[in-house]
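# Examination of the molecular architecture
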Amino acid sequence: MNTYKEIVLKPKKDEFLKRFHPWVFSGAVASKFDGIEEGEVVRVLSHEREFLGVGHYQIGSISVRILSFKDEVINTKFYEQRLSEAFNMRKQIGLIRPDNNTYRLVHGEGDNLPGLIIDIYGNTAVLQAHSVGMHNDRAEITKALQTVYNQDNLKNIFYKSEGTLPFKADIGPEDSYIFGGADVDDVAVENGLKFKIDWLKGQKTGFFIDQRENRRLLERYSEGRKVLNMFSYTGGFSVYALRGSALEVDSVDSSSKAMSIVDQNVHLNFGDDPRHKSYSEDAFKFLNNIPNDRYDLIILDPPAFAKHRGAVNNALQGYKKLNHSAFEKIAKGGILFTFSCSQVITKEQFRLAVFSAAAISKRKVQILHQLTQPADHPINIYHPEGEYLKGLVLYVE
Ligand code: SAH
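Residues numbered from 1 in each chain as written. Predicted model: local features only at pLDDT ≥ 70, side-chain atom pairs only at ≥ 80, totals over all residues. Heavy atoms only, no water.

### Here's the deal with the site of the ligand
Close to the ligand lie 15 residues; Arg215, Asp253, Asp282, Ala283 and Asp301 are nearest. Here Gln203 contributes a side-chain N or O atom positioned 3.1 Å from an oxygen atom of the ligand. Within the backbone of Ala283, an N or O atom sits 2.8 Å from a nitrogen atom of the ligand. Relative to its unbound accessible area of 590 Å², the ligand is 88% covered by the protein chains. Across the shell around the ligand, the residue classes tally to 6 nonpolar, 4 polar and 5 charged. (Near = heavy atom within 4 Å. Polar contact = N/O pair within 3.5 Å; in protein donor to acceptor, adjacent residues only side chain to side chain. Areas by Shrake-Rupley, 256 points an atom, 1.4 Å probe, with all protein chains shown as cover. Nonpolar A, V, L, I, M, F, W, Y, C, P; charged D, E, K, R; others polar.)

If you want it as structure tokens, here you go:
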């Protein structure tokens with residue numbers, strides 16, 4: 001047994017935890033030991049004082065994120081164990097290969113480490129804390145990472161937490177490299193394609209690894225097509241479409257910084273390729289201004305329109321409007337890859353929004369594929385909220 005401070009739940013509020021759901025909501029807490037600090041590890045007990053789990057305490061609607069349902073100490077050894085489980089799973093399913101050194105090593109609750117994200121880009125790990133506890137534990141996590149990967153395989157550990165914590169973390173650009181920083185190769189390989197990753201200033205950890213399998217599927221549909229990649233960010237889908245022998249590929253994103261990286265990514269893989277053009281523009285305006293039938297493969301991968309439950313209805317209207325424009329514009333026999341990464345929007349809700357958009361456009365539409373997040377973004381079966389990425393591949397007659 002350890003000596004962590006304790007939190008006691010209200011009667012009957014232990015059911016979720018007994019089913020291994022890793023969150024304790026603030027409404028379930030009956031009493032807590034005085035002076036618990038945000039980010040501290042606590043022991044959670046049922047009303048009958050039965051041990052339920054240990055986890056990070058945080059102020060907010062989720063009071064505790066459970067790290068273990070065993071009464072154990074959360075230290076470097078604990079993280080070593082969890083990280084090696086995560087590494088072994090990815091190795092075993094064939095995700096870590098010379099032609100694929102870009103993958104998510106830790107996906108929060110999906111890897112039984114709520115609040116922690118670790119993405120691997122070649123010999124750099126980018127660590128992101130979404131809880132104060134993980135922020136506090138970054139030194140232990142770093143040590144554990146170094147043990148799991150030997151020194152030759154991991155040269156840099158970059159820590160990034162802007163916007164993910166309730167306070168402004170005291171971390172400037174100069175000390176964001178917890179380890180390394182001198183021998184930095186910012187070009188990573190995904191399914192044999194090269195991508196420059198801007199973990200320093202880019203969005204999230206620098207790249208949207210979660211679309212890897214969906215990009216591969218897109219590659220198979222690209223031959224001979226005129227492709228429009230909306231919300232392209234650094235051009236993941238565009239580069240796959242070019243390898244898939246698309247006739248033309250246009251990338252559109254409102255971020256001019258992202259667009260300059262798209263150009264570099266195209267160049268890294270294909271040199272000067274006249275098939276590709278970049279536009280830093282608003283996606284909605286761009287779609288409205290193109291002539292009908294200009295494209296016969298359109299990708300819509302917008303940012304999360306709903307970040308919380310209160311925003312669901314507006315978000316659904318947003319998806320409907322966007323998809324409606326695509327249905328209006330796409331050429332006969334076109335293929336639409338359409339996504340939502342809003343965690344609070346269900347598969348069914350998204351499908352209904354796309355269905356409504358299709359109905360207004362009066363086009364005949366068939367679902368070819370239903371897509372989701374890849375295996376390195378696993379969903380903990382006891383935490384269904386972990387399923388966030390939804391996609392449909394549609395044939396538009
Ligand atoms: N498909 C990308 C990830 C897209 S993330 C990939 O595979 O890497 C969402 C992107 O939408 C971000 O790059 C953001 O800059 C862009 N974005 C947000 N609002 C936009 C708008 N109104 N018009 C165009 N792009 C927008």
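### Observations concerning the packing of aromatic side chains
A full pass over the atoms with the stated rule returns 15 aromatic pairs. With a centroid separation of 4.9 Å and 40° between ring planes, the pair formed by Phe195 and Phe207 is classed as tilted. Taken together, the positions of Phe195 in strand β13 (residues 193-196) and Phe207 in the loop between β13 and α5 (212-221) put the pair 12 residues apart, joining distant regions of the chain. Exposure class is identical for Phe195 and Phe207. Each is buried. Centroid distance Tyr221 to Phe337: 6.1 Å. Interplanar angle 70°. Geometry classified as edge-to-face. Here Tyr221, found in helix α5, pairs with Phe337, found in strand β18 (residues 334-340); they are 116 residues apart in sequence, far enough to count as distant. Take Tyr221: its relative accessible area is 22%, and that puts it in the partly exposed class. (Phe/Tyr/Trp six-rings, centres within 6.5 Å; stacked < 30°, edge-to-face > 60°. Helix = DSSP H or I, 4+ residues; strand = E, 2+ residues; numbered from the N terminus. Buried < 20%, exposed > 50% of the residue type's maximum accessible area, 1.4 Å probe, protein only.)

### What about the sheet that holds strand β16 (residues 276-279)?
Across the sheet, which stays open at both edges, the 7 strands sit in the order β16-β15-β14-β17-β18-β20-β19 with mixed pairing between neighbours. Two strands bound the open sheet, and with one partner strand each, they are β16 and β19 (365-371). Put simply, the sheet's adjacent strands are angled 15° from each other on average, direction ignored. As paired elements, β19 and strand β20 (residues 390-396) share 6 bridges and run antiparallel to each other. Pairing of Gln370 across the sheet is with Leu392, part of β20. (Pairing = 2+ DSSP bridges. Axes fitted to C-alpha atoms, helices over the stretch in contact; angles between N-to-C directions.)

### So, the pattern of salt bridges
Inspection of every chain in the model, using the stated rule, returns 20 salt bridges. Residue Glu213 pairs with Arg216 through a salt bridge whose shortest N-O separation is 3.7 Å. With a gap of 3 residues between them, Glu213 and Arg216 both fall in helix α5, about one helical turn apart. We classify Glu213 as partly exposed; its relative accessible area is 31%. (Salt bridge = Lys/Arg side-chain N within 4 Å of Asp/Glu carboxyl O.)

### Brief notes about helix α4 (residues 138-148)
Within α4 the residues assigned to the buried category are Ile141, Thr142, Ala144 and Leu145. The buried side chains of α4 occupy one side of the element, clustering within an arc of 165° when seen end-on. (Arc of directions from axis to C-beta.)

### So, helix α7 (residues 256-270)
Between its first and last C-alpha, α7 extends 21 Å over 15 residues, near the 21 Å set by a 1.5 Å rise per residue. All of the buried residues along α7 are Ala258, Met259, Ile261, Val262, Asn265 and Val266. All buried residues of α7 lie within an arc of 160° about the axis, which places them on one face of the element. Those residues of α7 that are buried lie in contact with β13, α6 (236-243), β15 (248-252) and β16. Gly271 lies just past α7 and shows a positive phi near 65°. (Expected span 1.5 Å × (residues − 1). Contact = heavy atoms within 4.5 Å.)

### A word on a nonpolar patch on the surface
On the surface, a cluster of nonpolar side chains totalling about 340 Å² of accessible area is made up of Phe20, Ile381 and Tyr382. With respect to the element layout, Ile381 can be found in the loop between β19 and β20. Judged by relative accessible area, Ile381 falls into the exposed class, the value being 72%. (Patch = residues over 30% accessible without salt bridge, like charges linked within 9 Å, V, L, I, M, F, W, Y side chains within 5 Å.)

### What to know about the side chain of Arg43
Mapped onto the elements, Arg43 comes out in strand β4 (residues 41-45). Here the side chain of Arg43 touches Glu6 through a polar contact of 2.5 Å, side chain to side chain. Within the structure, Arg43 has its side chain in polar contact with the side chain of Asp71 (distance 2.6 Å).

### Thoughts on the environment of Asp71
Mapped onto the secondary structure, Asp71 falls in the loop between β6 (62-68) and α2 (76-92). Owing to a relative accessible area of 28%, Asp71 belongs among the partly exposed residues under this scheme. Remark: the alpha-carbon pair of Asp71 and Ala182, spanning 111 residues in sequence, is separated by 40 Å.

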